[in-house]
Amino acid sequence: MAPTSPTRFLTGITTTGTPHLGNYVGAIRPAVEASRRAGIQNFYFLADYHALIKCDEPARIQRSTLEIAACWLAAGLDPEHVFFYRQSDIPEITELTWLLTCVTGKGLLNRAHAYKASVDKNVAAGNDPDADVTAGLFMYPVLMAADILMFKAHKIPVGRDQVQHIEMARDMAQSFNHLYGEHFVLPEAAVDDSVAMLPGLDGRKMSKSYDNIIPLFAPPAQIRKQIAGIVTDSRAPGEPKPVEGSALFQIYQAFASPEETQQLRQAYADGIAWGEAKQLLFERIDREVAPMRERHDALISNPQQLEKILRGGADKARAIATPFMAQLREAVGLRNLGAQAASAGKSKAAKAALPSFKQYREADGRHYFKLVDAAGRLLAQSTGFASPQEAGRAVAQLKQGGLAGLEESLQLAEGVSRADLGAALAALTEA
Ligand code: TRP
């Protein structure tokens, strides 16, 4: 067997808007920290094709791409060490989007939360269900699946709202693999509930759509002014203040060490004045942001350098994407007519005569597979595995004819003997 490749993490950042403190605490800082871990490969890209779905202002797309690229680099992402690129520099991604489109049920996309929310809103307003819904919005999950599957990413760090998209990418990978052979890795969402949700100026989650954000790299005077505007209560200086429900306290905590946090907690109990607490918060944020701001501003004023870094990242990414896309074209039959017919990839008919493995996830969160014969009859069923990789390894071992060590994890279907199973596996190994 080929040596196992390092685990690949992949994250896309949509290029609309200006990075704010919530993005920094919730996504950028943890991602940059993770990028320094040994033994993994990281892919970070600017999802500017996705941005077009939400934004039709060219200048904003360009500006936001510049700001977000500068922001990630300023926060410490090392483009030498990770794959850092712009989605639209990889034409293979749109090409793969089409191949996936052709194996994706329209019904699957009908069920996407974002699309359904738009439809529900239209219906509630008495409009045509698809009023103002572009095909781009409808296709959003397919483009996202292409981002992920192109680089055989295993883990996709996302917020809860994106989990459905990762499951759809798995579905598309499975459909494609089933039809054309095992080309894609089945990705998994990695949701980290330990990262803090940062409240905004009004105490609700900091988000552009609530208009309650503090931009990460605004001039210090502006940040100070915005911090002054964070909602507090009317408790007077000297009055003890509760930390529960205090947006100011929560933001402080997201930047401070446990000791510093403890000190502010004490200061609250001792009746610190709101103005003074806001000053502490400003200083604490500025201590972390000031050095990054310098790097950020230098990059923003040198867009050619940023462009060069992104082009370098695209070269690195395309070194993977271009040969993989050639393999996928071959697999689906987009072939050089001069070359001899079909070696790679078996026809649907040839495959249909063989037993096959189906991998899936159950409501218990565990990963299973089953082996079915050509007619779809169940031959054997696995017990649950902790990860799709573990289930995949067991499948790979079985395909190579090895039942040894797997007896415990495999249950024969009724009326199926070990010999039947052996014969089915042998047919697969030979194929
Ligand atoms: N949809 C993601 C978001 O809104 C952005 C994104 C695009 C993405 N392609 C991706 C995230 C691939 C992870 C993997 O946050």
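Please refer to the structure higher up on the page.
A brief report on the enclosed structure follows.

What counts and what doesn't
Residues numbered from 1 in each chain as written. Predicted model: local features only at pLDDT ≥ 70, side-chain atom pairs only at ≥ 80, totals over all residues. Heavy atoms only, no water. Helix = DSSP H or I, 4+ residues; strand = E, 2+ residues; numbered from the N terminus. Buried < 20%, exposed > 50% of the residue type's maximum accessible area, 1.4 Å probe, protein only. Contact = heavy atoms within 4.5 Å. Areas by Shrake-Rupley, 256 points an atom, 1.4 Å probe, with all protein chains shown as cover. Lys, Arg positive; Asp, Glu negative; His and termini not counted. Charge placed at Lys NZ, Arg CZ, Asp CG, Glu CD. Axes fitted to C-alpha atoms, helices over the stretch in contact; angles between N-to-C directions. Parallel < 35°, antiparallel > 145°, perpendicular 65-115°, else oblique. Nonpolar A, V, L, I, M, F, W, Y, C, P; charged D, E, K, R; others polar. Phe/Tyr/Trp six-rings, centres within 6.5 Å; stacked < 30°, edge-to-face > 60°.

## So, the overall build of the protein
Summing up its helical and strand segments, the protein has 16 helices and nine strands in all. By its C-alpha atoms, the protein is 80 × 55 × 50 Å across when sized along the principal axes. Buried positions account for 45% of the 431 residues belonging to the protein. A separation of at least 24 residues holds for 71% of the contacts in the protein among residues at least 6 apart in sequence. Accessible surface for the protein amounts to roughly 21700 Å². Of this, 53% is attributable to carbon and sulfur atoms. In the protein, which carries 46 positive and 48 negative side-chain charges, the distance between the mean positions of the two groups comes to 3 Å.

## Some remarks on the packing of helix α3 (residues 58-74) against helix α13 (residues 303-332)
Packing of α3 against α13 leaves a shortest axis separation of 11 Å and a crossing angle of 75°. In terms of orientation, α3 lies roughly perpendicular with respect to α13. Across from Leu66, Ala69, Ala70 and Leu73 in α3, the residues of α13 making contact are Pro303, Leu306, Ile309 and Leu310. When the residues that make up the contact of α3 with α13 are grouped by side-chain class, the tally is eight nonpolar, no polar and no charged.

## Describing the packing of aromatic side chains
Here the structure, examined in full by the defined rule, presents 15 aromatic pairs. Ring centres of phenylalanine 184 and phenylalanine 324 lie 5.8 Å apart, and the angle between their planes is 90°; this geometry places the pair in the edge-to-face category. Within this pair, whereas phenylalanine 184 is found in the loop between α8 (163-180) and β5 (188-190), its partner phenylalanine 324 is found in helix α13, the two being separated by 140 residues in sequence. Overall, the relative accessible area of 4% leaves phenylalanine 324 in the buried class. When the centroid spacing of 5.9 Å and the interplanar angle of 20° are considered together, the rings of phenylalanine 369 and phenylalanine 385 count as stacked. Here phenylalanine 369 is found in strand β7 (residues 367-372), whereas its partner phenylalanine 385 is found in the loop between β8 (378-382) and α15 (388-399), with 16 residues between them in sequence. We note that phenylalanine 369, like phenylalanine 385, is buried.

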